[in-house]
Amino acid sequence: MEDSEHNMWIATNRGLTCIRVSTSNDKPGYFYNLLSYDSSEGLQGEMFNYHSAYLTSRSELIFGGSSGYNIFTPTTISYNNNIPRIIITDFQIYNKSIKPREPYNGRIILTKSITQTNEIDLKYTDNYFSLSFAALDYCMPNKSRYYYKLEGFNNQWLETDRENRRVTYTNLNPGKYTLYLKAVNNDGVESVNPVILHINVHPPFWKTIWAWILYAILVIGAGIYIFNRMTKRSERKLAYARENMRVNQQLEMDEMKLRFFTNISHEFRTPLTLILSPLEDLLQKAKSADDKELLSIIRRNAQHLLTLVNQLLDFRKLDTNVLTLHKSLGDIVMFIRQQVDLFVEVMARKDISFSFQTDMKQLYMSFDAEKLSKVLINILSNAYKFTPAEGCIQVVLSRIDDEIIRIVFNDSGIGIPEEELGKIFDRFYQVKNEDTIHYQGSGLGLHITKEFVILHGGEVWAERIPEGGTRFVVLLPYKEETAAESESLPAEGELNDDDTAFEAAFKQNNFPKLLIVEDNKDLRKLLGSRLRKLYAILEAKDGVEGLEIALREIPDMILSDVMMPRMDGIEMSKKIKGDIRTSHIPIILLSAKTGEESKLEGLMAGADDYITKPFNQEILQIKISNLIETLKHNQAIFDEQIRIEPSKITVNSLDEQLIKKAIEYSEAHLSDPGFSVEELSRELGMSRVHLYKKLLSISGKTPIEFIRVIRLKRAAQLLEESQLSVSEIAFEVGFNNPKYFRKYFKDEFGVLPSHYGSRSE
Ligand code: ADP
């Protein structure tokens, strides 16, 4: 039915509904407002009948239903215009009501009733809470609707359940929230001022701003700390690297200086010898005493210079570790006596009583004569320097026990202060006092002395003699090697006694042999007389004789003229270098011919060096000793090679063939204990003497030693690769007696066979 106001009234089976249609100036179209009425508002019931409605002339509306009818005038209906007010009635945390001033978990949350509260502070742990509320509207409260929103969480209004007016929030993040509540009454009138409650959920301490500031400070602090550490460290590294570089540069500089110094010293040697040798002649020719005096001053100083240069060179060799011992067998008693004898004359000139005492007759042992000679000369010349005229110097040689000999040097000189005794052996060290100032040398003498003694496995020290003076003591270990001794320790069984005795006979004679081939008799004698001190001299008057002697004696070195009758030096050189028995012997050719061509011819013939006449004696001597040194050096290299890998040896082609053959043959006969040098030499087509000399000069080893090295090398290989026992291996490589095997093995490799490689017994 449409009423007089043009509103539509609709009767349903659920009460009456009034629809008002309106328009608005702001928005186009129609607006519909629906209001429903039910029995609680005075209707006869909720069921209305079809077609039972009527609008009277007095604008009354009549609707009929199952329990009667309703008559009313729509304009007189009064509406509920009360603006609904809402209040919060309860606040719960974890479903527990919070009362004003009542502590919850030790904390008062509400200071006044929740109704009057407009702000709540909650801890982050309290974030399960609910609020209950009601509208202060007593006209049909159950037809009121309630809306809420929590700003900061959701921004739309949500409607609550009408029966149960309550909102609950769980797990809210820390932060500030505002809760809005509003109600709409039964006639659609809405609260004007919604209830506002501010809820602050406080973060835990570690999420507060202070905590974040603290974290930031910590992170920044740690960053700064690490940065500082790193810069410090890199600074330190840089400083270290710089220091290292500086030290290295310093070392390099020092090394360069020393190298320069050494090279220069080397250069000094030749001119010095060239000064000294004509000086000798001048001294002999000098007539007046004054001249003699002056010349001997020159000689003394030149000799001093030479000694210093030599010391420097020795020191340099020590420094770079290139010094090795070149031991040979000799009578040490005789050797010391000879060295001491060199001083007899100078000592006498200074009226020093000088003596050598020993109760030993002879002692054969192996030692490096050159180095030991330097030791003795250094100590004796110090004693001489620091002992005043009419003093006393004594050398005493004795045997301490079966293994050590002692050489004592006593002088009655100025002595060395107690605190300096240990230092005088340091390099460049010199005692500083008035007395010694005139005698200053290089400070190297005793340093070299000590190193040489240590190389021999010995010891040296200085002591004060209470009555005044100094005592130097040298201890040297020795192994006596007389004929009787070597018999008691026979060859290892793989070689017969005959071979051993043969080699022993050769070993006795230790001077290098020098063959001089020269047709001019005077020159030959002169050369011989000058070189006799150092070499066993053989002489030949032409090439034919030279070749014959070379083949018979196998000298260590040949010095030959070029122009000679019957066979000249060049042809002889060719023959000697072409014969396997003599090919290793170094040859120096002497010729009056100058010019590169003849030099070339000589060198093509295989000569190792070439000197033109007139030549200087000293240079000749230096050349000879250099060649012999080279030979020794080659021997050392070769020795090293057979020790490491016999099959990889390289020497000059002829020698190479021989050595290869010797190694092959020896390797094939290793397990035969009867395998002898005789057999080996027969196989190689040489006499035993030739083989002996040949092998010795190429390898520095006698045939016995040569075969033994090969046996030991094979043994080492077997020890590494096979499962055989040490004794089995000993027999395998031709040792009848494992005891000897062990001894020689230890001598060669420094360890017992049972400990060689990965073996352990
Ligand atoms: P230098 O070449 O200067 O003699 P050394 O190394 O041989 O160098 O000796 C070092 C120092 O030891 C000498 O400078 C000297 O002071 C002292 N010295 C060596 N031997 C004796 C000695 N017999 N008596 C006194 N002082 C000595």
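Residues numbered from 1 in each chain as written. Predicted model: local features only at pLDDT ≥ 70, side-chain atom pairs only at ≥ 80, totals over all residues. Heavy atoms only, no water.

1. Observations regarding the overall build of the protein chain
What counts, and what does not: Helix and strand definitions here come from DSSP, where helices need a minimum of 4 consecutive H or I residues and strands a minimum of 2 consecutive E residues; each element is numbered from the N-terminal end. Buried residues are those whose accessible area, probed at 1.4 Å on protein chains only, stays under 20% of the maximum for their type, while exposed residues exceed 50% and partly exposed ones sit between those limits. Whether two residues touch is decided by their heavy atoms; if any such pair falls within 4.5 Å, the residues are in contact. With residues, only the protein chains shown are counted as cover, and all accessible areas are computed by Shrake-Rupley using a 1.4 Å probe.
Check the secondary structure of the protein chain and you find 18 helices and 29 strands. Residues classed as buried in the protein chain amount to 41% of the 761 residues present. Considering only intrachain contacts with a sequence separation of at least 6, the fraction spanning at least 24 residues in the protein chain is 62%. In the form shown here, the protein chain has an accessible surface area of approximately 42800 Å², with 53% of it arising from carbon and sulfur atoms.

2. What about the side chain of Thr470?
Relative to the helices and strands, Thr470 is located in strand β24 (residues 470–477). Those residues in contact with Thr470 that sit more than four places away from it in its chain are Phe409, Asn410, Asp411, Gly415, Ile416, Ala462, Glu463 and Ile465.

3. Re the pairing of strand β20 (residues 364–367)
Under the convention used in this document: Two strands are counted as paired when DSSP detects at least two bridges linking them.
Of the two faces of β20, only the one carrying Met365 and Phe367 is buried; Tyr364 and Ser366 on the other face are not. Strand direction decides the pairing type here: strand β18 (residues 328–331) and β20, joined by four bridges, are antiparallel. Bridging from a neighbouring strand, Leu329 pairs with Ser366 of β20.

4. Structural notes on the site of the ligand
This is how the line gets drawn: Proximity is defined per residue: if any heavy atom of the residue lies within 4 Å of a molecule or strand, that residue is considered near it. Under the rule applied, a polar contact is a pair of N or O atoms within 3.5 Å (in protein, one hydrogen donor and one hydrogen acceptor; residues adjacent in sequence only if both atoms are side-chain atoms). Each residue is assigned to one class: nonpolar for Ala, Val, Leu, Ile, Met, Phe, Trp, Tyr, Cys and Pro, charged for Asp, Glu, Lys and Arg, and polar for all the others, Gly among them.
Inspection of the region around the ligand gives 22 residues, with Asn382, Lys385, Asp411, Gln430 and Leu446 positioned closest. A distance of 3.0 Å separates an oxygen atom of the ligand from a polar atom in the side chain of Lys385. With the chains in place, 98% of the 530 Å² that the ligand exposes on its own is no longer accessible. Going through the elements one at a time, α4 (369–386), α5 (445–455) and β24 are the ones with two or more residues in the shell around the ligand. Among the elements that take part in the shell around the ligand, α4 stands out by supplying four residues, more than any other. Class assignment of the residues belonging to the shell around the ligand gives a composition of 10 nonpolar, 10 polar and two charged.

5. Points about the packing of aromatic side chains
The line we're drawing: Under the pairing criterion, centres of Phe, Tyr and Trp rings, with the six-membered ring standing for Trp, must be within 6.5 Å; the plane angle then separates stacked pairs below 30 degrees from edge-to-face pairs above 60, leaving the rest tilted. For a Lys NZ or an Arg CZ to count as sitting over a ring, it must be within 6 Å of the ring centre and within 35 degrees of the ring normal.
Across all of its chains, the model carries 15 aromatic pairs by this definition. Note on Tyr94 and Tyr128: the rings are 5.3 Å apart at their centroids and 20 degrees apart in plane angle, and the pair reads as stacked. With a gap of 34 residues between them, Tyr94 in the loop between β7 (86–93) and β8 (96–97) and Tyr128 in strand β12 (residues 128–135) connect regions that are remote in the sequence. The ring of Phe452 carries the charged tip of Lys371 above its face, separated from the ring centre by 5.9 Å. Cation over ring: Lys450 sits above Phe425, and NZ or CZ is 5.3 Å from the ring centre.

6. Looking at a nonpolar patch on the surface
What counts is decided by this rule: Patch membership requires over 30% relative accessible area and the absence of a salt bridge. Like charges are linked within 9 Å, and nonpolar side chains (Val, Leu, Ile, Met, Phe, Trp, Tyr) within 5 Å. Note on definitions: salt bridges are taken to be side-chain nitrogens of Lys or Arg within 4 Å of carboxyl oxygens of Asp or Glu.
A cluster of nonpolar side chains, Tyr124, Phe205, Trp206, Ile209, Trp210, Trp212, Ile213, Leu214, Tyr215, Ile217 and Leu218, forms an exposed patch at the surface whose accessible area comes to about 1200 Å². Inspection of the secondary structure assignment puts Trp212 in helix α1 (residues 209–285). You can call Trp212 exposed: its relative accessible area is 51%.

7. A closer look at a positive patch on the surface
Quick reminder of the rule: Working convention for charge: Lys and Arg count positive, Asp and Glu count negative, and His plus the chain ends are omitted. The location of each charge is read from NZ of Lys, CZ of Arg, CG of Asp or CD of Glu.
A cluster of basic residues, Arg229, Lys232, Arg233, Arg236 and Lys237, forms a positive patch at the surface. Note on placement: Arg229 falls in helix α1.

8. Comments concerning the pattern of salt bridges
Taken as a whole, this structure holds 15 salt bridges when the rule is applied. Among the ionic pairs, Lys541 bridges to Glu545, the shortest N-O distance being 2.8 Å. Given the relative accessible area of 43%, Lys541 is considered partly exposed. Members of the salt-bridge network, linked through shared partners, are Lys513, Glu548, Arg552 and Glu553.

9. As for the confidence of the model for the protein chain
Quick note on the threshold: What pLDDT expresses is the predictor's confidence in each residue, scored from 0 to 100.
Confidence in the prediction for the protein chain averages 81 pLDDT; 89% of positions are at 70 or higher. The model gives residues 483–498 a pLDDT under 50, and that stretch makes 31 contacts with residues more than four places away or in other chains. Scored below 50 in pLDDT, residues 505–509 shows eight contacts in the model against residues more than four places distant or in partner chains.

10. Digging into the nonpolar core
What counts here: The term nonpolar core refers to a set of buried residues drawn from Ala, Val, Leu, Ile, Met, Phe, Trp, Tyr and Cys, joined through side-chain atoms within 4.5 Å.
Counting residues in hydrophobic clusters, the biggest one holds 46 residues, and the most contacted among them are Ile332, Ile336, Ile405, Ile407, Phe409 and Phe472. With residues up to four places along the chain from it excluded, the contact list for Ile336 reads Phe356, Leu376, Leu397 and Ile407. Counting residues in each nonpolar core, the second largest holds 29 residues, with Tyr104, Tyr148, Leu181 and Ile199 among its members.

11. Describing the packing of helix α2 (residues 289–319) against α5
In plain terms, the rule: Helix axes are fitted only over the stretch in contact, all axes being lines through C-alpha atoms; the angle between N-to-C directions runs from 0 to 180 degrees. Throughout this description, any angle smaller than 35 degrees is read as roughly parallel, any larger than 145 degrees as roughly antiparallel, any in the 65 to 115 degree range as roughly perpendicular, and the remainder as oblique. In this scheme, a crossing is called left-handed if the near helix is turned counterclockwise away from the far one by less than a right angle; it is called right-handed if the turn is clockwise.
Put simply, α2 and α5 touch, their axes get as near as 10 Å, and they point 45 degrees apart. One finds that α2 runs oblique with respect to α5. In the crossing of α2 with α5, the sense of the turn from one axis to the other is left-handed. Together, Gln311, Asp314, Phe315 and Leu318 of α2 and Gly445, His447, Ile448, Glu451 and Phe452 of α5 make up the contact between the two elements. Split into classes, the residues belonging to the contact of α2 with α5 amount to four nonpolar, three polar and two charged.

12. Re the packing of helix α3 (residues 332–349) against α4
Direction vectors running N to C along α3 and α4 enclose 35 degrees, while the axes themselves pass 10 Å from each other. Considering only the axes of α3 and α4, their crossing is right-handed. Contacts from Ile332, Phe335, Ile336, Gln339, Val340, Phe343, Val346 and Met347 in α3 reach Ala369, Leu372, Ser373, Leu376, Ile377, Leu380, Ser381 and Tyr384 in α4. Tallied by class, residues from the contact of α3 with α4 come to 13 nonpolar, three polar and no charged.

13. Some remarks on helix α9 (residues 543–553)
Quick reminder of the rule: The arc in question is the one traced by the directions running from the helix axis out to the C-beta atoms.
Of the residues making up α9, those classed as buried are Gly543, Gly546, Leu547, Ile549 and Ala550. The buried residues of α9 occupy an angular sector of 170 degrees when the element is viewed end-on, so they sit on one face. Buried residues along α9 sit against β25 (513–517), β26 (536–540), β27 (557–561) and α10 (569–578). Sitting at the head of α9, Asp542 places a side-chain oxygen 3.1 Å from the backbone nitrogen of Val544. The positive-phi residue at the C-terminal boundary of α9 is Ile554, with phi of around 45 degrees.

14. Points about the sheet that holds strand β6 (residues 68–72)
Paired through their backbone hydrogen bonds, the strands of a sheet run either parallel or antiparallel. One open sheet accounts for three strands, arranged β4-β5-β6; its pairing is antiparallel. The open sheet has two edge strands with one neighbour each: β4 (48–55) and β6. This sheet shows a mean twist of 15 degrees between the axes of neighbouring strands, independent of strand direction. The sheet contact formed by strand β5 (residues 61–65) and β6 spans five bridges and is antiparallel. Across the sheet, the residue bridging to Leu61 is Phe72, located in β6.

15. Thoughts on the environment of Leu603
Along the chain, Leu603 turns up in helix α11 (residues 596–604). Judged by its relative accessible area of 41%, Leu603 is partly exposed. Remark: the alpha-carbon pair of Leu603 and Leu589, spanning 14 residues in sequence, is separated by 8.7 Å. In this structure, Leu603 is in contact with Asp608 and Asp609, ignoring residues within four places of it in sequence.

16. Here we look at the side chain of His447
Along the chain, the position of His447 falls in helix α5. The buried category is assigned to His447, whose relative accessible area is 10%.

17. What to know about the sheet that holds strand β15 (residues 166–170)
Strand order across the open sheet formed by four strands is β8-β7-β12-β15, with antiparallel pairing between neighbours. Every interior strand has two partners, whereas the edge strands, β8 and β15, have only one. Taken together, the seven bridges between β7 and β12 define a ladder with antiparallel strand orientation. Its bridge partner being in β12, Gln92 is matched across the sheet by Ser130.

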